[in-house]
Amino acid sequence: MKSLSRRISETSKSVLLCSLLLGGVVASARAKVVVSSDRFLLKILDRTVSLQDIGYQLRNIKALDCIYDDALVIQFFRKKFIQDLDAFVRKFPKGSEEEVSAFMHANEEMLKAIRHFFKILRYSEDQKSEVSASLAQLIKESTKENRCETDILYKDTLKTNFKSLIEMELYLRARYGGQLKSTGKFETIRPSIELFVESLDKQFTHEYYW
């Protein structure tokens with residue numbers, strides 16, 4: 001785990017964050033992403049996902065990677081996902097529907113990864129994992145100390161869409177943390193998460209807005 005504080009109590013803060021990530025379930029990049037115009041890209045169950053939604057989650061993933069780069073979300077989707085998603089948002093056409101459609105069809109693998117990400121996000125939100133006040137406070141402190149993306153913060157708490165990402169992390173840790181603890185290696189649990197995502201992909205209907 002990357003140090004959560006470069007100046008104060010590095011070891012104790014790292015242990016505390018990990019315990020709070022686990023305990024929250026039991027108890028219940030600097031670059032800013034700017035999307036000048038919005039467009040719906042897909043629908044998952046009854047909820048649409050827009051380019052702006054993807055931009056917000058890109059910001060959130062960058063912040064999570066800065067705060068806690070041993071996060072299961074980051075490890076499962078891999079760090080390259082962050083780079084690829086950044087490029088997808090930056091290069092998304094602002095022209096005609098024909099250009100947008102051609103771009104989407106040319107990036108079907110990226111759209112598949114986005115679809116999987118938002119399906120896990122939707123599922124984990126439904127599990128009602130609690131982001132405790134103490135965990136939110138620690139994330140807030142670590143964000144500032146590590147000079148991470150502060151746009152995930154809102155007054156004395158975290159923005160709602162970033163909390164959703166933390167809920168995803170909490171869910172993955174609750175479901176696979178025990179198995180990971182016994183092996184100590186993420187790749188040993190990757191097949192289990194992939195099976196879960198494959199099942200979820202079939203369970204949650206989706207539709208692209210080509």
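Provided above is the structure to which this section pertains.
The present account deals with the structure reproduced in this document. (Residues numbered from 1 in each chain as written. Predicted model: local features only at pLDDT ≥ 70, side-chain atom pairs only at ≥ 80, totals over all residues. Heavy atoms only, no water.)

### Points about the pattern of salt bridges
Part 1 of the reasoning: Here the structure, examined in full by the defined rule, presents 13 salt bridges.
Part 2 of the reasoning: Linking Arg173 and Glu169 is a salt bridge whose minimum nitrogen-to-oxygen distance equals 2.8 Å. With a gap of four residues between them, Arg173 and Glu169 both fall in helix H8 (residues 160–183), about one helical turn apart.
Part 3 of the reasoning: With a relative accessible area of 8%, Arg173 lands in the buried category. (Salt bridge = Lys/Arg side-chain N within 4 Å of Asp/Glu carboxyl O. Helix = DSSP H or I, 4+ residues; strand = E, 2+ residues; numbered from the N terminus. Buried < 20%, exposed > 50% of the residue type's maximum accessible area, 1.4 Å probe, protein only.)

### Some remarks on the packing of helix H4 (residues 79–91) against helix H6 (residues 108–126)
Part 1 of the reasoning: Between H4 and H6, whose axes approach to 11 Å, the crossing angle comes to 110 degrees. Here H4 lies roughly perpendicular to H6, going by the angle between them. As for the relative orientation of H4 and H6, their crossing is left-handed in sense. Between H4 and H6, the contacting residues are Phe81, Asp84, Leu85 and Phe88 on the first element and Met110, Leu111, Ala113, Ile114 and Phe117 on the second.
Part 2 of the reasoning: Within the contact of H4 with H6, the residues separate by chemical class into eight nonpolar, no polar and one charged. (Axes fitted to C-alpha atoms, helices over the stretch in contact; angles between N-to-C directions. Parallel < 35°, antiparallel > 145°, perpendicular 65-115°, else oblique. Left-handed = near helix turned anticlockwise from the far one by under 90°. Contact = heavy atoms within 4.5 Å. Nonpolar A, V, L, I, M, F, W, Y, C, P; charged D, E, K, R; others polar.)

### With respect to the nonpolar core
Part 1 of the reasoning: Ranked by internal contacts, the top residues of the largest apolar core, which has 61 residues, are Leu41, Ile54, Phe88, Ile114, Phe117 and Phe162.
Part 2 of the reasoning: No other element matches H8, which puts nine residues into this core. (Core = buried A, V, L, I, M, F, W, Y, C linked by side-chain atoms within 4.5 Å.)

### Looking at the packing of aromatic side chains
Part 1 of the reasoning: Counted according to the given criterion, the structure contains 13 aromatic pairs.
Part 2 of the reasoning: Ring centres of Phe77 and Phe81 lie 5.0 Å apart, and the angle between their planes is 35 degrees; this geometry places the pair in the tilted category. Note on accessibility: Phe77 and Phe81 belong to one class, buried.
Part 3 of the reasoning: Where Tyr123 meets Tyr171, the ring centres are 5.4 Å apart and the plane angle is 70 degrees; that geometry is what we call edge-to-face. Placement of the pair is Tyr123 in helix H6 and Tyr171 in helix H8, with a sequence separation of 48 residues.
Part 4 of the reasoning: Members of the aromatic cluster, joined through ring pairs, are Phe76, Phe77, Phe81, Phe117 and Phe118. (Phe/Tyr/Trp six-rings, centres within 6.5 Å; stacked < 30°, edge-to-face > 60°.)

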